[in-house]
Each structure stands twice: as structure tokens, then as C-alpha cells.
Amino acid sequence: MNRILRNLLTIILGLSSSLVSGQTTLDVETQATVSSGDHTPFWLQANKYGLSSLEKTNGYLRAHLYHPVSNDSTRDFEFGWGADVAVAHHFTSTMVIHQAYAEARWRHGLLTIGSKEQPLQLKSNELSSGSQTLGINSRPVPSVRLELKDYWTVPYTRGLVALKAHMAYGIQTDDRWQKDFTHQQSKYTEHTLIHTKSGYIRVGNPRRAVTMEIGLEMGCLFGGRSHQFSTGKESILENDGGFLGFLHAFVPAGGDKEEGDYKNKEGNHLGSYVLRLNIDQPTWNAGIYGDHFFEDSSQMLFFEYDGYGEGEHYNDWEKSRWFLYHLRDMMLGAEVRLKRQRWVNHLVCEYIYSKHQSGPVYHDRTPHLSDHVAGRDNYYNHYIHTGWQHWGQVQGNPLYRSPIYNEDGTIRVLNNRFSAWHIGIGGTPLPGMSYRILATWQQGFGTYDDPTTKPEYGRYFLAECKYAFPTNNVLHDWSIKCAFGYDHSYWTGDNIGGQVTLARRIPFN
């Protein structure tokens, strides 16, 4: 009992100390975007955690009050919280509760309850096109998230092996948007649950020149109610959101309802294998990374059982035979930072290929043909759920065309088979000034189910400059950011536009 009381007192003292430690900050920001063409230019709205709009004129006034969790190693307990609200014009909603969360850290573990922006792992938030599974393109989802946020060194490995990981369960908040967007005439889901998890291993001492990071990122949509339409008639499917639903989201198993003989794993499972090699030198550092996306076991395991019987035994395992899949779909990237340069000190180059998707053939075994070939993976789409999206924005890499662009009222990704080159350049030419340039070229083929008649192209460009006023200036807490965007694209239209963001940071001591 005394030990419990001591731990409780430690928690209370830690909470009291953190609340008066002078770390609370208020960020106030206003943004205005004006464009001509079909939409807001691509890189003026993508990878902004969903706080953006396709409308040609849009803007918001935003206030973010937060108290971060510190990494003070002398304290076992730390607490933090944040509230981030925007009043928007020409967005999917006028009042946007963008973030609202409470956090508690105990030693290396961090518990977050609520919706909070989570940065990219193993890639640059500013210059990368984005991760393929756990991206920064859509609104944060209210979740309960437990994680090792920073690398924890495994004992007895001489500092050569370290781990970090996370696991989260949440619920998506776009029910009303889905109904309005589809006019309740095409597939939509309500009360969709989401599960994400990741794990990373770092090999090598971070004080040495070379380290390697290997990881797995996964997501799953499950539960909720799916509304489907066929020949004008609506059918409603109640997905499993109970204990087994949560369990099968964590460990892929079970099967969706009304599947008959052809059982898939319950829910919409997807993920990425990620890898990064880091080289650190006195005047520069570099990283080479890969991100292989998979939508089911065919690209996760690269093999599948194909030894079914014939006739009435077409569902029985009778032969020792397996079908092997090729590894073709991949994001490959390189990042370089020049420590002693100012005008150009940060460079990223990425290549993305997603056209294979386990091949163009999908065939489940039948009494007449027992072969089982699971191609046509249809990345980010799903036959029951509305795919890997939230509020119309894909939750991974935005080069997979987000459903919010669709003019037919369907929530589906209409371009998931493409190749693309992406370049990012950044620098800090003057004190307080930074810039970034993004340039992307894409060749898309639509989807296997709805292909284009010929390759269609997209070109996207962004030039952005930010200036933070110096501390000896009367405007020392202010910053201003100006951006120019341009698209020439079959997928997003021809767009040109500008964006101005004015922000002030107010610390509370």
C-alpha cells in the first residue's frame, strides 16, 4: 500500500511540476489561399495533416494551445496536452477540431489519448512526398496510442541495437462528410474503427558513422457499418467491432461477413516494410531508404498456397504447391543534409513505382479451375470499407489520388497504378529565413478495374519561403510564409495559386 501511495504522489507531483514549468505555448495562425484553375495546387494542400482545401479560394484562422511532454531523463513521469482548433472558409467543415489530446510519459513509454499529428518516420516531413502507409496527408484520428517514441537501447547489446514502436486504436470522424459526398448513393461507412502499429530496429551505434533502421508499419480499418449499393438498392453490413474485431485487427485473422467460400482476413489490412541506411560525417549526413507497400499477403509474404483440389474438393489443401509473387512496387529515396552550407543544405530525391500490385490476374479457385492467383491488389481501395482515407484524403502518400478529387460522388482512389519522380530542396540562406522547393513528375494508369486508355501525366511544383523575425525585433514572435504552387496534371487539373500564412508564437512563462 505504501508503494502505491508513493507512486501516486510521484504522479501528482510530476503533473503539478509540468503544469507550472513554463512550457505552455499558444500558436496563432491565419492562412489564405487563392488559385485559378480547377483546384488549389497539389503541394499547397497535400501533406498538411488534412488541414487544407481543394477550393480555389480558402483560408482559416487557427489557435493551438499546447503543453508538450519533455524528455527530461531526471523525471519518471511527464504530462502534456494540446488543443488545436481552426475556423475555416471553403473547407470540408467550418469548425475544425484538428487536435485535442492528453499525454503521459512514464520513463520511455508514452500514452496519448485523443487526436494528434504524428510525424513521418524515416523520411523528411518537409521534403518527402510522404510515407505509403502512415502518412501526414489526412486529419488526425482520435485514438488511444501507446508508444516508445524514441529509440530505446536494448540492454547487453553494447549500444548497437535499439527499438521503438507504437500501437493505437481509434475511430474515424468523417461519417457526415461521407454521407454528404456520396449523397448516400454509393458505398460509404459509418463509425469506422482504425488500428495502426509500427516497429523499428536500429542497428549500429548512433555515435558512429553508419547505422541501419528496419521497420514495419501497418494499418487496419475494421468495425462500423458499411452501406453498399447495387442496382439502386442499399444493403447494410454490420462489421465486427467487438473483442474479436479488435483482436483480428491486431493479428490479421478471421474473415469479413458474407464472404462465402473465399475468406479474407477481417477488415482492411495494409502496411509497408521500411528500411533506411544512415551515414553521418562531420560536414554532411545522408540516408538511403525504401518503402515497400502491401495491401494483402501476396505482397507482404510474396507467396501463397496454390495446391487446392478439384471438383468438390476445390477448397481442400491437397498438394504441396505455392504461387510466388514478384517484388516490383517500391518507394526508393535518398536524403542529404549539408551541415556547413546555408543556401542549399537539404536535398531529397524519391522514385515511386506502384503499377504491379501482384500482377493483373485475380482468380480464386473454383470446382473447374483450382488455381489461386491473388493479383489486382487495388492499393488504398477495399470492397467493404471506403479504403485508406479520412475526410476524403488518403492516409498515406498523396500521389495516390485522394477521393476528395472525385466528381462522381464515389469514395475510391482512382489512380493507384503509377510511377513518379519527386525532388525536394531546402535551405536557410539568411538568419531566420528558410525555403523549400518541391517538384514532382507522375505517370499514372488509373486502376486495374478502371484503367486509363493511355498513360496520363501530372507535374506538381511548390516554392515556399518562411521568415521568422529575430528576437531583437518588435515582431520577434511572428513569422510569415509565402508559397507558390503550380500543377499541370490529368489527375488534379491545371492549377496555379499562392498561399500566405501569418503566425505568432506566444510562450507562457
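As a reminder, the structure under discussion sits directly above these lines.
Below, the structure is looked at part by part. (Residues numbered from 1 in each chain as written. Predicted model: local features only at pLDDT ≥ 70, side-chain atom pairs only at ≥ 80, totals over all residues. Heavy atoms only, no water.)

Now for the overall build of the protein chain. A tally of helices and strands in the protein chain yields 5 helices and 27 strands. Once the C-alpha set of the protein chain is aligned to its principal axes, its extents read approximately 80 × 65 × 45 Å. Across the 509 residues in the protein chain, those meeting the buried criterion constitute 49%. Residue pairs at least 24 apart in sequence account for 63% of intrachain contacts in the protein chain once pairs closer than 6 positions are excluded. (Helix = DSSP H or I, 4+ residues; strand = E, 2+ residues; numbered from the N terminus. Buried < 20%, exposed > 50% of the residue type's maximum accessible area, 1.4 Å probe, protein only. Contact = heavy atoms within 4.5 Å.)

Quick look at the environment of Leu275 now. With respect to the helices and strands, the residue Leu275 is situated in strand β13 (residues 268–280). When the C-alpha positions of Leu275 and His346 are compared, they lie 20 Å apart, and in sequence the two are 71 residues distant. Beyond its immediate sequence surroundings of up to four residues, Leu275 is in contact with Leu122, Met212, Glu213, Ile214, Ile288, Tyr289 and Gly290.

Here we take up the packing of aromatic side chains. Scanning the entire structure with this criterion turns up 26 aromatic pairs. Ring geometry for Phe303 against Trp322: centres 5.6 Å apart, planes inclined by 75°, an arrangement best described as edge-to-face. Of the two residues, Phe303 is situated in strand β15 (residues 303–305) and Trp322 in strand β16 (residues 322–324); the sequence distance between them amounts to 19 residues. Here a set of aromatic residues connected by ring pairs shows up, and it is made of Phe293, Tyr379, Tyr380, Tyr400 and Phe418. Across from the ring centre of Trp391, 3.9 Å away, lies the NZ or CZ of Arg139, which sits over that ring. Sitting above the plane of the Tyr308 ring, Arg365 keeps its charged end 4.4 Å from the centroid. (Phe/Tyr/Trp six-rings, centres within 6.5 Å; stacked < 30°, edge-to-face > 60°. Lys NZ or Arg CZ within 6 Å of the ring centre and 35° of its normal.)

Now for helix α4 (residues 243–250). Taken together, the buried positions of α4 are occupied by Gly245, His248 and Ala249. Each buried residue of α4 lies within a common arc of 105° when the element is viewed along its axis, so the set occupies one face. Among the structural elements, β7 (161–171), β9 (193–203), β10 (210–222) and β13 are those in contact with the buried residues of α4. (Arc of directions from axis to C-beta.)

This brings us to the nonpolar core. Most often, soluble globular proteins have nonpolar side chains that are buried together. Counting residues in each nonpolar core, the largest one holds 37 residues, and the members touching the most others are Phe42, Trp43, Tyr380, Trp388 and Leu399. For this core, the elements supplying multiple residues, two or more each, are α2 (42–45), α3 (175–182), β14 (284–294), β18 (346–353), β23 (418–427) and β25 (451–468). It is α2 that provides the largest number of residues to this core, a total of 3 residues. If we ignore the near neighbours within four places in the chain, the residues touching Phe42 are Pro398, Leu399, Tyr405, Tyr460, Asp487 and Thr492. (Core = buried A, V, L, I, M, F, W, Y, C linked by side-chain atoms within 4.5 Å.)

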